[in-house]
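Here is how the chains run, residue by residue.
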Amino acid sequence: MPTRWFGERIPRNEDPRLLTGRGMYVDDVRRPGTLHAAFYRSPHAHARILRIATDQAKALPGVVAVVTAQDLPERIRGPLPKLIPHPALVHHKTQVALAGEVVRHVGEPIALVVAESRYIAEDALELIAVEFEVLPAAVDLEAAAKPGAPRVHADMADNIAAHHIQRAGNVEEAFAKAPHVFRERFTMDRGSSAPMETRGVVAEWDPRSHQLTVWDSTQAPIRIRNYLSDLLGLPQANVRVIAPDIGGGFGPKIMMCYPEEISIPWAAMVLERPVKWIEDRREHFVATNHERLQIHDAEIAVDADGRILGVRTTYLHDCGAYCAYGLTVPIVSGTTLPGPYKIPNYHAEYRAVFTNKTQTSPYRGAGRPHGVFVMERLMDRVARELGIDRAEVRRRNFIQPHEFPYDLGGLIYQDGVRLVYDSGNYPEVFRKTLDHIGYADWAAQKARHRREGRRVGLGFAFYVEGTGIGPYEGCRITVEPSGKVYVATSVGTQGQGHYTSFAQIVADALGTDVRDVIVTTGDSGAFGWGTGTFASRAAVVAGNAVALAAGAVRQKTLQVAATLLEARVDDLELAEGKVFVRGVPGRAVMLGQVAAAANPLRGVIPQEWEGPGLEATRYFAPPSGAFAAGCHAALVEVDTETGLIRFLRYVVVHDCGPVINPMILEGQVRGGVAQGIGNAFYEKLVYDEQGQLLTQTFMDYLLPTVAEVPAVEVDHVETPSPLNPLGIKGAGEAGVIPVPALVASALDDALSEEGVRITEMPLSPSRLREILREAQTAPTPA
Amino acid sequence: MNGDPAHTTPAQAPARVPARRKRRLREPQSALTIRFTVNGETVERTVEVRKTLADFLREDLGLTGTHLGCEHGVCGACTVLLNGEPVRSCLLFAVQAAGAGIETVESLAPGEGLHPVQAAFREHHGLQCGFCTPGFLMSAVALLRDHAEPTEEQILETLGGHLCRCTGYQGIVEAVRAAARTWQR
Amino acid sequence: MKPAPFRYVAPRSVDETLALLAEHGAEGKILAGGQSLVPLLNMRLARPQVIVDINGIRSLAYIRRKDDRLHMGALTRQRAVEESATVRRQVPLLWEAIRFVGHPQIRTRGTVGGSLAHADPSAELPAVVAALDAELVVRSPSGERALSPGEFFAGYLTTALEPTEVLTEIRFPVLPERTGTAFVEVARRHGDFALVGVAAVVRRRDGTIAEARLAFTGVGPGPVRVREAEGRLAGSAGTPRVFADAAREAGARLDPEGDIHATAQYRREVAAVLTRRALELAWQRSGGRTR
């Protein structure tokens, strides 16, 4: 094919719309007669509801309805769907649309107010009176895991939702025989994805046509459609869920059947007026899922050369009050931990624990940051203890390029498939990284800084990232008589540039201009079979479906054009929006003409065409995930007097196979790094002992600004994946995954004189000074 | 997809007490009729006094390009220009804009094509989901109008008043640097 | 996050403002820049019945030199201060500190008087005012009074302002020659409220410190002066040893509280660090040489 869009840094198709303020986010959806909703949310972490008084609220002028659990039909009054079951998830507890008897976290919705404006709805909230019997709350993760802790769910004997073990080889034997064993405890604390756009739902019911239309700031519109159909008793064909422009997803918007996603559509049906609910920022902090809190006890067994004999970790995962989404995060932690290293004996064991806090579900990284933090910290520990260079000890343990596909010995990944790395070149990624950051002469550089009174550290962290998992995604491509190509896919977009990257794939296949390819995503009415955008899979899974459909349309185009041009298919080329005979550019026909010819008004169409039009629908169902990898390195300066840190340089070398649009990829990496820096030094959700969330605004939950995020230098290695036609791997989470490990590594290096060993995230200037002081006063580590 | 804007509460009797009658104190009102320009056009509306400028622009005028990210003045997504200066429209009440000139993102490229600052954002990948973008654009436009050759420090200081969760900021910084050069102003 | 209902009035003069405040008393609240108040309104943490918007009182925004003071109208925008060559020359401590106040977009609306009247314990301007012993002029129906910072700042988010009073003017002393000032702070992110901040003033006589002032933010309910340290500095040479002693003294005297962002110990220790840094800077700027 002469034109190549794949691999080019093409400016995005969607930008003009977004730049001119013509995007349509859920709050921009305006329907005649819309009413506005607000929720009365629990002020307590754990309480029994004794009485709800709504009469005063109902009487406020402008209030149309005040709904509590008892008003809901039975089908949506009880626990909402279990999303991803797992045999280990014995207690798969889920949230309800409106709490009627018990509330289990601050922010849980109890009453729904619908009014003429959000202002009035909020006024009405203040007129609702709820009588509670406050119950003891299980807040601290370790305390909640112990027998005798206040039970989040009264019908359970304790707070353990699941206990799950994954093993490879024989760790007991390995540890028993090992010359060296090092133990450490690692903690990563709660965080929020905090997209700039909070969640929101607009629902409209047409009682004449029996059609429900829902605009939802979700990463999974098709599945929401399916759940709504089931819960509200409507045919799927009568429900349309549209994920319009979305101001950032990052994971928590893949959670399905949030209470509001169910109660708002139901309210629209009952009131027969459109209902809009837009989450405000304070609500978002308590009502949209969190993640990140896990405590790992880990140990590594090595021989005298630092070669890994075994790794073992037991950890606690904080589910929050429910675990509708299931065990994805802790499973991913356990299966990401091995990383790029050969670990013959492995044991990952966790307990998923209920607490009286907001529910958790995957947030960019989804457990991988924890796995990487543990493993990379252990490797640095081995290096330090055995006096081996930190880079060398890793090289000695890398899986080598010729050893793929590499089976991890029986671990099962989040997709239920045996964990096997498909391809990669870890030594090359590592070499490039160290080269870029100047590792070879770092010792001299560091000494130079030291003489100037500056404490600078070099850190690096390596990760292997499972991407592109199934079950499947789909795509339908149609060439219209105008010559423009319309692509409908099953995933949604939250800024990843699908409108452009998918168009690049299609433009290549059909020889058109990328601007003539119009992509629709996230609309169950446009495409009805799909899973959603999560786990770094959209480009891989949907992208390949796009490629397959584009290939099919290409074939059809050639077939039909061959008839038109009275030529053989093999003699035809597609380029510049035309089909022409190779070597005879004059003998050509426009793509649009071919499309028209494929749909004649009369006559006969050949059997081989298998139907009219230039259109094809294809699905891609990967057999397993494709494994990307990468390494981050940075120079970090510490002001030991104030505990403030500064990035002097930041380097990423990333391998996600062939890259569709390098500009988009780098943007994804840089955005991820910024969130990772947030996870390392700024962002912490703080609960007090009563389960009150103390960080409910952007004044207390600190997102990095331009001043806190360095320029990131990005380089690539490409090891294609054999698992899909395009050979690509996912990249959406790559930026965030190793950052906490990297920052810890850099700080250990900067503060090596004091023997600092960072084992917790996030830090803060205050905490860093504490750690420094503890290290200075501690006896010399053994 | 467009319909009528949401209704606000009805206004009370017109507010202003003539200045002559100094003895009578101005009476605080729940609603006022206000007049100001938005994107060059005169607007006159009656509005509840507690309605923020951001909500007014979005709901009463249908200018949904200005977004709400936090409603407490930190994220900057709601930034518009008031008499040429960048302000948080979530921290202003619509009635406070009386007599002022407001510019929103919709004013930058009224026809086809993109404003030079917008074009620079596109070229340098200064946006991903686009939600924070209008706020950034307005601050950038104000900065570049005031400074023919803004220093790096001035650029970072201006951009520091905005949060972006998608880009990691690099593309935005590069876009503003580029626009400083390419925008003939 | 929408505010609770209120009524709104926009007076055109200070007299009118006072009359309105007298009428509505504790139910009324002045709205100046709104950068502190409106978030509270939006979150319904503040619910005044009547908002008195003074942004239309042009006569309250000015910067005027009068004798040895710079008189600044309370409604002067922080941005105007930042852009004022007069302030930069004549009250450099204020000019230096104002650039730590939020971000340009905040400073467009935020006012000097508003920040002081809001009295956030981690705000920068109260420390500046305390270090300079600026006068805060308060007007009430019965007349005008000029308060010292010690009289004005009354505690956590509290000032001596009665509900019927308005802060109208701040009078900043224009310091004599051979006086150096410095404002330094530590914040988690650029533009955030200070975890700890120090405003330092050093007046030099030949090679010694004739007089020094140290005012802290982030370590108490309001701005804190450490007079013991100030006293020790007076008459001392401008040496690193002296600054370090003062830093230690300050650290020992301060009694900050901890919160989720920083412990009390951190604030105390960093206050000492910043004291040293601020004194070094102020001394240099006074024309002193560090031995």
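Residues numbered from 1 in each chain as written. Chains lettered and ligands numbered in written order. Predicted model: local features only at pLDDT ≥ 70, side-chain atom pairs only at ≥ 80, totals over all residues. Heavy atoms only, no water.

1. Comments concerning the overall build of chain B
As a reminder, the rule being used: Comment: elements are numbered from the N terminus, with helices defined as DSSP H or I runs of at least four residues and strands as E runs of at least two. We call a residue buried when its accessible area falls under 20% of the maximum for its residue type, exposed when it is over 50%, and partly exposed in between, using a 1.4 Å probe and counting protein chains only. Only heavy atoms matter for contacts: two residues are in contact if any of them lie within 4.5 Å across the pair. The accessible surface values rely on the Shrake-Rupley method and a 1.4 Å probe; as for residues, cover is taken only from the protein chains in view.
Helices and strands together make up the secondary structure of chain B, namely five helices and five strands. From first element to last, N terminus to C terminus, chain B shows the α and β order β-β-α-β-β-β-α-α-α-α. Sorting the 185 residues of chain B into buried and exposed places 64% on the buried side. Put simply, of all contacts in chain B between residues at least 6 apart along the chain, 55% involve residues at least 24 apart. Surface accessibility of chain B: about 7,200 Å² in total, with carbon and sulfur atoms responsible for 46%.

2. Concerning the overall build of chain C
Put simply, the rule is: It is over C-alpha atoms that the radius of gyration is taken, and the globule rule equals 2.2 Å times the number of residues to the power 0.38.
In terms of helices and strands, chain C carries twelve helices and 14 strands. Relative to the globule expectation of 19 Å for 291 residues, the C-alpha radius of gyration of chain C, 19 Å, shows essentially globular dimensions. If you line up chain C on its principal axes, its C-alpha atoms span 60 × 45 × 30 Å. When the 291 residues of chain C are sorted by exposure, 62% land in the buried category. Put simply, of all contacts in chain C between residues at least 6 apart along the chain, 63% involve residues at least 24 apart.

3. Considering the interface of chain B and chain A
We count it as follows: Here the quantity called buried area is the accessible surface, traced with a 1.4 Å probe, that two parts lose on coming together, added over both. A pair is scored as a salt bridge if a Lys or Arg side-chain nitrogen falls within 4 Å of a carboxyl oxygen belonging to Asp or Glu.
Counting from both sides, the interface comprises 54 residues of chain B and, opposite them, 58 residues of chain A. Buried surface at the junction of chain B and chain A, both sides included, amounts to about 4,700 Å², of which 58% is carbon and sulfur. One can count four salt bridges joining chain B with chain A. The salt bridge partner of B:R165 is A:E683, with a shortest N-O separation of 2.8 Å. Broken down by element, the side of chain B that touches chain A gets its largest block of residues, four residues, from helix α2 (residues 116-123) of chain B.

4. Regarding the pattern of salt bridges
Residues and elements named next belong to chain A. Within the structure shown, the criterion is met by 114 salt bridges over all chains. The partner of E733 in a salt bridge is R368, with the nearest N and O atoms 3.0 Å apart. Residue E733 is located in the loop between β28 (713-716) and α18 (739-750), and its partner R368 is located in helix α10 (residues 368-386); the two are separated by 365 residues in the primary sequence. Relative accessible area serves as the criterion here: at 0%, R368 is assigned to the buried category. Across the pair R384 and D748 runs a salt bridge whose closest N-O atoms are separated by 3.3 Å. Of the two residues, R384 sits in helix α10 while D748 sits in helix α18, which places them 364 residues apart along the sequence.

5. A short note on the sheet that holds strand β21 (residues 517-520) of chain A
Residues and elements named next belong to chain A. What counts, and what does not: Strands pair, by our definition, only if DSSP identifies at least two bridges between them. Fitting a line to C-alpha atoms yields each axis, with helices limited to the stretch in contact; the angle taken between N-to-C directions then spans 0 to 180 degrees.
Strand order in this open sheet of four strands is β21-β20-β19-β25, and the pairing throughout is mixed. Every interior strand has two partners, whereas the edge strands, β21 and β25 (614-620), have only one. Ignoring strand direction, the axes of neighbouring strands in this sheet form an average angle of 15°. Strand direction decides the pairing type here: strand β19 (residues 473-479) and β25, joined by seven bridges, are antiparallel. For C475, the partnering residue across the bridge sits in β25 and is R618. The sheet contacts of helix α14 (residues 498-510) involve β19, β20 (485-489) and β21, and relative to β21 the element is tilted by about 135°. In this fold helix α15 (residues 538-565) packs onto β19, β20 and β25, with an angle of close to 150° to the strand it touches most, β25.

6. Some words on the nonpolar core
Basically, it comes down to this: In this description, a nonpolar core means a group of buried Ala, Val, Leu, Ile, Met, Phe, Trp, Tyr and Cys residues linked to one another through side-chain atoms lying within 4.5 Å. Source of the domain bounds: an automatic or database domain assignment.
Residues A:I300, A:F698 and B:F121 are the most contacted members of the largest nonpolar core, which totals 223 residues. Residues lining this core come from more than one domain, with at least three contributed by each of domain 1 (7-16 + 28-107) and domain 2 (116-182) of chain B. Once residues lying within four places of it in the same chain are set aside, the contact partners of B:F121 are A:L19, B:G126, B:L127, B:T133, B:F136, B:L137, B:I172, B:A175 and B:V176. Counting 52 residues, the second-largest nonpolar core is a separate cluster that includes A:A509, A:A545, A:A552 and A:V581.

7. Examining helix α19 (residues 765-777) of chain A
For the record, the criterion: Any helix carries an expected span of 1.5 Å times its number of residues minus one.
Here α19(A) spans 18 Å end to end across 13 residues, near enough to the 18 Å set by a 1.5 Å rise per residue. Contact partners of the buried residues in α19(A): β26 (626-639), β27 (644-655), α17 (662-681), α18 and β29 (760-761) of chain A together with α12 (264-285) of chain C.

8. A short note on the packing of aromatic side chains
Two measures describe an aromatic ring pair: the distance that separates the ring centres and the angle between the ring planes. Our working definition: Two aromatic rings, drawn from Phe, Tyr or Trp (for Trp, its six-membered ring), form a pair once their centres lie within 6.5 Å of each other, and the interplanar angle then sorts them: stacked below 30 degrees, edge-to-face above 60, tilted otherwise. Geometrically, a lysine NZ or arginine CZ counts as sitting over a ring once it is within 6 Å of the ring centre and also within 35 degrees of the ring normal.
Taken as a whole and assessed by the stated rule, the structure comprises 27 aromatic pairs over all chains. Taken together, the aromatic side chains of A:Y341, A:F398, A:F404, A:Y406, A:Y413, A:Y421, A:Y426, A:F430, A:Y439, A:F460, A:F462 and A:F627 make up a single cluster linked through ring pairs. The ring of C:W95 has C:R99 lying over it, and the distance from NZ or CZ to the ring centre is 4.3 Å.

9. Considering empty space enclosed by the protein
Here is the rule: Space inside and on the surface of the protein is sampled on a 1 Å grid over the protein atoms alone, with a cavity defined as a set of points where a 1.4 Å probe fits but cannot get out and a pocket as an open set with protein on both sides within 12 Å along at least 5 of 7 lines; lining residues have an atom within 4 Å of a point. Grid points are joined across faces, edges and corners, and a volume is the space filled by probe spheres set on the points. In this count, Pro and Cys sit with the nonpolar residues alongside Ala, Val, Leu, Ile, Met, Phe, Trp and Tyr, while Asp, Glu, Lys and Arg are called charged and the others, Gly among them, polar.
Following the criterion strictly, the structure yields twelve cavities of 30 Å³ or more and no others. Within this model, the largest cavity holds a volume of roughly 100 Å³. Around the largest cavity, the lining is made up of 15 residues, and of these A:Q95, A:H105, A:P259, A:A287 and A:Q359 lie nearest the centre. Elements with a minimum of two residues in the lining of the largest cavity: α7 (259-271) and α8 (281-287) of chain A. Classifying every residue of the lining of the largest cavity gives six nonpolar, six polar and three charged. By volume, the second largest cavity is sized at about 70 Å³. Taken together, A:E14, A:L18, A:D245, A:I246, A:T493, A:Q494, A:G495, A:Y499, B:Q128 and B:C129 make up the lining of the second largest cavity.

10. Concerning the domain arrangement of chain B
Residue and element names in this part refer to chain B. You can read the domains of chain B as domain 1 (7-16 + 28-107) and domain 2 (116-182). Residue-level contacts link 18 residues of domain 1 with 15 residues of domain 2. Summed over both sides, the interface between domain 1 and domain 2 buries roughly 1,200 Å², with carbon and sulfur atoms accounting for 61% of that surface. The largest contributions to the domain 1 side of the interface with domain 2 come from H67, L81 and V105, which together make up 37% of the buried area. Between the two partners, domain 1 and domain 2, sit one salt bridge. Between R145 and E103 there is a salt bridge, and its shortest N-O distance comes to 2.7 Å.

11. Quick notes on the packing of helix α4 (residues 152-159) of chain B against helix α5 (residues 170-182) of chain B
Residues and elements named next belong to chain B. Test applied: Here the angle decides the label: under 35 degrees means roughly parallel, over 145 means roughly antiparallel, 65 to 115 means roughly perpendicular, and every other value means oblique. Two helices that cross are described as forming a left-handed crossing if the nearer one is turned anticlockwise from the farther one by less than a right angle, and a right-handed crossing if clockwise.
Running from N to C, α4 and α5 cross one another at 130°; their axes reach a closest spacing of 11 Å. In terms of axis orientation, α4 runs oblique to α5. You can see that α4 and α5 cross each other, and the crossing is right-handed. Contacts between α4 and α5 involve E152, I155, L156 and L159 from the former and I172, V173, V176 and R177 from the latter. Tallied by class, the residues present in the contact of α4 with α5 amount to six nonpolar, no polar and two charged.

12. Details of the sheet that holds strand β3 (residues 79-82) of chain B
Residues and elements named next belong to chain B. With mixed pairing, the five strands of this open sheet are ordered in space as β2-β1-β5-β3-β4. Edge positions in the open sheet fall to β2 (41-48) and β4 (85-88), since each of these has one partner strand only. The mean angle between the axes of side-by-side strands here comes to 40°, regardless of whether they run parallel or antiparallel. Note that β3 and strand β5 (residues 101-103) share two bridges and pair antiparallel. Paired with L82 across the two strands is I102, which belongs to β5.

13. Describing the interface of chain B and chain C
Facing 38 residues of chain B, the contacting portion of chain C comprises 40 residues. When chain B packs against chain C, close to 3,100 Å² is buried across both sides, 55% of that on carbon and sulfur atoms. Counting every contact that joins chain B to chain C gives seven salt bridges. B:E157 is paired through a salt bridge with C:R107; the nearest N and O atoms lie 3.0 Å apart. The set of elements that each furnish at least two residues to the side of chain B that touches chain C consists of β3, β4, α3 (133-146) and α4 of chain B. Of the residues belonging to the side of chain B that touches chain C, the class tally is 15 nonpolar, twelve polar and eleven charged.

14. Quick notes on the side chain of B:Q128
For the record, the criterion: Contacts described as polar in this section are N or O atom pairs within 3.5 Å, which, within protein, must combine one atom able to donate a hydrogen with one able to accept it, while residues neighboring in sequence count only if both atoms come from side chains.
Note on placement: B:Q128 falls in the loop between α2 and α3. Overall, B:Q128 belongs to the buried group, its relative accessible area being 4%. Among the polar contacts made by the side chain of B:Q128, one reaches the side chain of A:Q668 at a distance of 3.1 Å. Among residues more than four places away in sequence, those in contact with B:Q128 are A:R12, A:L18, A:G495, A:G667, A:Q668, B:C166 and B:T167.

15. Let's talk about α2(B)
Among the residues making up α2(B), those that are buried are B:V117, B:Q118, B:A120, B:F121 and B:R122. The first or second residue beyond α2(B) is B:H125, which carries a positive phi of 55°.

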